[in-house]
Amino acid sequence: ERSSRGLVPQLLPNYTEPQLPNASEVGCSYAYMSCLYRDGCGLALQQYELTCSALVNQLTDTCSRSCQHALIALVSTDEGARMMDCRCDGGPGAEAECERKKRRIEPCRAAVTWQSDPSTLVSCSAATWICLADPLCAKALEYYNNNCQAMFKGRKCSRKCRNSLDILLRQEGAHKLATCFCDGTEEYDCDAVRENTEVLCFGRKKKVPVEEDIDNTIEGSSSGSRGRPKRPLMMAIASVIISYWLPECIQDLRSLLTIDLGF
């Protein structure tokens, strides 16, 4: 008994965490503040208020992809998930406004519920937001970004980069990053980064596209031209220049924390 003095309750051998009340029993004002002052949930909440404002304010009835990503990140946190089922409170006017906001995001529910399921695959943009909503995962992603610049550029995967990647993939908030797919909404060359990671860090062989000969021979032409592939009439060469990579992206995300939100 004496040896237990001075210990915080969480260190006691018989300590059990307190049971939280059901989300439906928690007032939305309290749920909002609980989320706002948690690093990961607060960031996801601010992103939600930025990207879903058009939907919430009745400027559109469509749940945009960026709004979906923000909601997916929000519900991936414990505090954010409780906001989805909280009890509207604060008086008649506040309750009515709260209920209105809940109804306005209904177009997002099916997509967000499906993508939030642990067994589903999501885009790398959504997976990145889920990771950033988890403070530990966000920090691991920051180290990965800082230590893997050479790999991003296709040069090498250093020991620091490989170690940062290993730590990142062990984070609970990064499990969807390991299986995500590139959909073109990323603010970096997603396909190139994935290929460099697989080839330079995991030692997999680089995929070489196989060009197939196209037989453009016109039936009835002379034998001299038969079998000789002709060039396509038009060939488009797309050159994508990435103006910024995750450091700028993370810096932008950090700047969101300075936004003054009202409830």
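Residues numbered from 1 in each chain as written. Predicted model: local features only at pLDDT ≥ 70, side-chain atom pairs only at ≥ 80, totals over all residues. Heavy atoms only, no water.

1. Quick notes on the state of the cysteines
What is meant by a disulfide is a covalent connection between two cysteines, made through their sulfur atoms. Under the defined criterion, the tally for this structure stands at ten disulfides. Disulfide pairing is shown between Cys35 and Cys41; the S-S distance is 1.9 Å. Note on the Cys35 and Cys41 pair: the S-S dihedral is about -100 degrees, so by sign convention the disulfide is left-handed. Exposure class is identical for Cys35 and Cys41. Each is buried. (Disulfide = S-S within 2.5 Å. Buried < 20%, exposed > 50% of the residue type's maximum accessible area, 1.4 Å probe, protein only.)

2. Section: the layout of surface pockets
Taken as a whole, the largest pocket encloses approximately 760 Å³ of empty space. Around the largest pocket sit 33 residues that line it, and Tyr48, Met83, Lys101, Lys102 and Ile105 are the ones nearest its centre. Those elements giving two or more residues to the lining of the largest pocket turn out to be helix H1 (28-36), helix H2 (39-51), helix H3 (53-56), helix H4 (65-75), helix H5 (78-83), helix H6 (92-104) and helix H7 (106-116). Broken down by class, the residue content of the lining of the largest pocket amounts to 17 nonpolar, seven polar and nine charged. Approximately 590 Å³ is the volume attributed to the second largest pocket. Together, 23 residues line the second largest pocket, and Ser76, Thr77, Asp78, Asp134 and Glu172 are the ones closest to its centre. Elements supplying a minimum of two residues to the lining of the second largest pocket: H2, H4, H5, H7 and helix H9 (135-147). A total of three residues in the lining of the second largest pocket trace back to one element, the largest contributor, which is H2. (1 Å grid on protein atoms, 1.4 Å probe; cavity = no way out; pocket = protein on both sides within 12 Å on 5 of 7 lines; lining within 4 Å. Points joined across faces, edges and corners; volume = space filled by probe spheres on them. Helix = DSSP H or I, 4+ residues; strand = E, 2+ residues; numbered from the N terminus. Nonpolar A, V, L, I, M, F, W, Y, C, P; charged D, E, K, R; others polar.)

3. Topic: the confidence of the model for the chain
The predicted coordinates should not be examined in detail at positions where pLDDT is low. Of all residues in the chain, 70% attain a pLDDT of 70 or more, and the chain-wide mean is 77. Taken as a whole, residues 217-263 scores under 50 in pLDDT and shows 49 contacts with residues more than four places along the chain or in a different chain. (pLDDT = per-residue confidence, 0-100. Contact = heavy atoms within 4.5 Å.)

4. Some points on unusual backbone geometry
Unlike most non-glycine residues, Gln58 shows phi in positive territory, near 65 degrees. Relative to the helices and strands, Gln58 resides in the loop between H3 and H4.

5. A word on the pattern of salt bridges
A full pass over the atoms with the stated rule returns eight salt bridges. With a shortest N-O distance of 2.8 Å, Arg100 and Glu97 are connected by a salt bridge. Linking Arg100 with Glu97, this pair stays in helix H6, spanning three residues, or about one helical turn. Looking at Glu97, the relative accessible area reads 33%, which means it is partly exposed. Of the charged contacts in the structure, one is a salt bridge between Arg204 and Glu198, with a shortest N-O distance of 3.9 Å. Glu198 gets classed as partly exposed once you look at its relative accessible area, which sits at 26%. (Salt bridge = Lys/Arg side-chain N within 4 Å of Asp/Glu carboxyl O.)

6. A few points about H4
With eight of eleven residues buried, H4 lies mostly within the body of the structure. When we look at burial in H4, the residues that qualify are Cys67, Gln68, His69, Ala70, Leu71, Ile72, Ala73 and Leu74. Residues of H4 that are buried make contact with H1, H2, H3, H5, H7 and helix H8 (124-132).

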